[in-house]
Amino acid sequence: MRTWRDSEGTLTVGTDSGAREVPLRIAASYRARTRGLLGRDGIEGALMLTPCGSVHTFGMRFAIDVAYLDRTFRVLAVTTMRPGRLGLPRLRARHVVEAEAGAMERWGVRPGVQVELRAEAPAPGTAGPA
């Protein structure tokens with residue numbers, strides 16, 4: 001099992017011929033997962049929370065799409081959540097990817113789709129982004 005760290009990366013959706021790459025921020029520490037998208041007005045790309053099985057949008061300023069992923073990065077469910085909502089826990093979910101509402105549909109993220117996540121190594125001597 002892989003150990004994730006707070007970092008930047010890429011989310012790849014689709015096959016080689018029609019692959020779509022999306023900038024990704026990885027939130028693996030307790031602090032980064034707790035903060036998530038709170039206090040932001042939007043996001044370029046997506047945010048992955050790991051480990052994570054459910055999310056909420058209390059204190060959010062905008063609606064988000066939420067994709068629940070299993071350990072192999074297969075999409076279990078995708079939902080759109082308005083601010084002030086509590087999401088249902090997904091028992092097999094290990095990771096959650098959040099993006100602005102409508103983004104998952106544009107990217108082709110839907111239940112059953114296999115996605116690829118690639119983390120960029122932080123520069124030597126740094127702990128990575130917070």
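Preceding this paragraph is the structure being described.
Structural notes, computed from the coordinates. (Residues numbered from 1 in each chain as written. Predicted model: local features only at pLDDT ≥ 70, side-chain atom pairs only at ≥ 80, totals over all residues. Heavy atoms only, no water.)

1. Overview of the overall build of the chain
1) Next: Each helix and strand in the chain was counted, giving two helices and seven strands.
2) Next: Going residue by residue from the N terminus, the α and β elements of the chain occur as β-β-α-β-β-β-β-α-β.
3) Next: Scored against the burial criterion, the 130 residues of the chain give a buried share of 41%.
4) Next: Contacts spanning at least 24 positions in sequence make up 59% of the contacts within the chain whose residues lie at least 6 apart. (Helix = DSSP H or I, 4+ residues; strand = E, 2+ residues; numbered from the N terminus. Buried < 20%, exposed > 50% of the residue type's maximum accessible area, 1.4 Å probe, protein only. Contact = heavy atoms within 4.5 Å.)

2. Quick notes on the pattern of salt bridges
1) Next: Evaluated as defined, the whole model comprises four salt bridges.
2) Next: As a salt-bridge pair, glutamate 8 and arginine 25 come within 2.6 Å of each other at their nearest N and O atoms. Within this pair, whereas glutamate 8 is found in strand β1 (residues 7-13), its partner arginine 25 is found in strand β2 (residues 20-27), the two being separated by 17 residues in sequence.
3) Next: Residue classification places glutamate 8 among the partly exposed residues on the basis of a relative accessible area of 30%.
4) Next: In this structure, arginine 118 engages glutamate 116 in a salt bridge whose closest nitrogen and oxygen atoms are separated by 3.2 Å.
5) Next: Here the salt bridges do not stand alone but share partners, grouping Glu21, Glu116 and Arg118 into one network. (Salt bridge = Lys/Arg side-chain N within 4 Å of Asp/Glu carboxyl O.)

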